[in-house]
Amino acid sequence: HCEISNNNGYKFFNPKMESELSNRIQMESLLRGALSRDELSLNYQPFVDTQSQNVIGAEVLIRWYNPTLGQVSPVDFIENAEQSGQIIEIGYFVLRNALKQLAYWRELYNRDFYLAINISPVQLKDSYLIDKIVQLLELYKIPGNLLEIELTENAFIHDATHAQEILNKLHHHGIRLSLDDFGTGYSSLSYLQNYPFNSVKIDRSFIRNLETSEQSRQLVNTIIAMANNLQLSLVAEGVENQFQADFVAKQGANIWQGYHLGKPVDANDFAQQYLIPSMTPLF
Ligand code: C2E
Ligand code: MG
Ligand code: MG
Ligand code: MG
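Residues numbered from 1 in each chain as written. Chains lettered and ligands numbered in written order. Predicted model: local features only at pLDDT ≥ 70, side-chain atom pairs only at ≥ 80, totals over all residues. Heavy atoms only, no water.

J.: Teacher, can you tell me more about the coordination of the magnesium ion (ligand 4) here?
T.: In an ideal tetrahedron of four donors about a metal, each angle is 109.5 degrees. In an ideal octahedron of six donors, the angles are 90 or 180 degrees. Surrounding the magnesium ion (ligand 4) are the protein donor atoms Asp181 (OD) and Asp181 (OD), which sit 2.7 Å from the metal. Separating the magnesium ion (ligand 4) and the magnesium ion (ligand 2) is a distance of 5.7 Å. Position of Asp181 among the secondary structure elements: in strand 8 (residues 176–182). (Donors = N, O, S within 2.8 Å, 3.2 Å for Na, K, Ca; no water. Helix = DSSP H or I, 4+ residues; strand = E, 2+ residues; numbered from the N terminus.)

Below you can see the structure in the form of structure tokens.
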């Protein structure tokens, strides 16, 4: 960032910064009404078990459609919501609706199936988080192990001790924990040692280059072997073709996810495509 402070602590803004600031303020204010205007929704992206080739769960991914801004990617608004604190309320919207959906699917299709929900570091600081999650699980009669919480390493940057306390409590309630975007941060290995993670999601930047880069293949092999040795479930994210699916399966990944099977879709499409029993094999 090119913010320049003088000795009085005043900051000079250039026109680009000014427009970035006004964009941020506009987004923040539109996001503030998004829940009440019903602009937020959830998509679901399947997880495939590498052994059985069955869909065993889904990741929940938020979507925002605003009439002024159009479709806004979570990559572009989650950070804004974190800065303004709105992520707390949005986070509850995601948890409540996803678990309600899961309860409905469990009743209708009567099969074991789990959801993975992304949680922001800011949500970990909310002192009601655990109670609310536990209440929702009870309300919808969902066993804790059918909820997986995905965290990135950012969760530990500010207050690792507090994060550890929260993760231990979630673990105690049987909720599964997954380290997302593995390999992109600074010291992931120590997190695996000190926190009760059940699974690791290897970042899609490693999967993307599998066909072309021997180094990527070696890195993926090494990460999968490490997860296997630590008895962590390994999820390969961003699998876009059969080569990548075969490669990670052969190396011992437990689960994969990616456009090769399906993009995130809404609940109705998800049920149509993956939950209604069908005679056609996926591959
Ligand atoms: P993430 O948790 O790492 O999610 C994976 C992202 O990769 C998703 O993007 C998904 O659509 C995309 N993806 C999945 N398979 C493929 C593939 O084969 N190829 C490619 N190119 N992309 C693939 P999305 O939905 O745009 O979400 C982006 C990020 O926004 C997520 O990254 C997550 O960090 C955040 N996010 C999404 N929903 C939520 C939410 O409900 N709460 C919080 N706190 N963050 C969320
Ligand atoms: Mg994720
Ligand atoms: Mg990820
Ligand atoms: Mg990511």
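Picking up after the structure, the text goes on.
J.: Explain the pattern of salt bridges to me, please; I cannot follow it from the model alone.
T.: Two side chains with opposite charge may pair up if their charged atoms get near one another. Per the counting criterion, the structure on display carries 8 salt bridges. Ionic pairing is found between Lys16 and Glu20, a salt bridge with its closest N-O pair at 3.4 Å. Placement of both Lys16 and Glu20 in helix 1 (residues 15–32) is noted, with a separation of 4 residues, approximately one turn of the helix. Put simply, Arg106 and Asp112 hold a salt bridge, and the shortest N to O gap is 3.7 Å. The class of Arg106 is partly exposed, set by a relative accessible area of 23%. (Salt bridge = Lys/Arg side-chain N within 4 Å of Asp/Glu carboxyl O. Buried < 20%, exposed > 50% of the residue type's maximum accessible area, 1.4 Å probe, protein only.)

J.: Even after reading the chapter, I still don't get the coordination of the magnesium ion (ligand 2), so can you show me in this structure?
T.: For the magnesium ion (ligand 2), the full set of protein donor atoms is Glu59 (OE), Asn118 (OD1), Glu150 (OE) and Asp180 (OD), at a range of 2.0 to 2.3 Å. The sequence pattern describing where the donors of the magnesium ion (ligand 2) fall on their chain is E-x58-N-x31-E-x29-D. A distance of 3.8 Å spans the gap from the magnesium ion (ligand 2) to the magnesium ion (ligand 3), which Asp180 bridges by coordinating each metal. Placement of Asn118 in strand 6 (residues 114–118) and of Asp180 in strand 8 is noted, with a sequence separation of 62 residues between them. The exposure class of Asn118 is partly exposed, given its relative accessible area of 30%. On the basis of relative accessible area, Asp180 is assigned to the buried category, the value being 8%.

J.: For this particular structure, what's the right way to read the pairing of strand 7 (residues 147–151)?
T.: Successive residues of a regular strand alternate their side chains across the two faces of the sheet. Within strand 7, 5 of the 5 residues are buried, leaving the element largely enclosed by the surrounding structure. Alternating positions in strand 7 separate into two faces, Leu147, Ile149 and Leu151 on one and Glu148 and Glu150 on the other, with burial throughout. Pairing analysis gives 4 bridges linking strand 6 to strand 7, with the strands arranged parallel. Each residue of the ladder has a partner; that of Ala116, found in strand 7, is Glu148. Across 4 bridges, strand 7 lies against strand 8 in parallel orientation. Following the sheet pairing, Ile149 is matched in strand 8 by Leu177. (Pairing = 2+ DSSP bridges.)

J.: Just to check I follow, could you spell out the pairing of strand 4 (residues 55–66) for this structure?
T.: For strand 4, a buried count of 9 out of 12 residues is recorded, marking the element as mostly surrounded by other parts of the structure. For strand 3 (residues 40–49) and strand 4, the ladder comprises 9 bridges, and the chain directions are antiparallel. Residue Asn43 lies in a different strand from strand 4, and its bridge partner there is Leu61. With antiparallel pairing between neighbouring strands as the criterion, strand 3 and strand 4 make up a hairpin whose turn holds 5 residues, including Gln53 at a positive phi of roughly 65 degrees. In this sheet, strand 6 lies alongside strand 4 in parallel orientation, the contact comprising 4 bridges. Directly across from Val60, in strand 6, lies its bridge partner Ile117. Inspection of the sheet shows strand 4 paired to strand 5 (residues 70–72) by 3 bridges, in the antiparallel sense. Directly across from Trp64, in strand 5, lies its bridge partner Val72. Between the end of strand 4 and the start of strand 5, which pair antiparallel, lie 3 residues.

J.: I tried to follow the side chain of Gln123 on my own but got confused; where do I start?
T.: Here Gln123 is to be found in helix 4 (residues 121–124). Judged by its relative accessible area of 5%, Gln123 falls in the buried class. With residues near it in sequence (within four places) discarded, Gln123 still touches Ile87, Ile88, Gly91, Asn118 and Leu129. (Contact = heavy atoms within 4.5 Å.)

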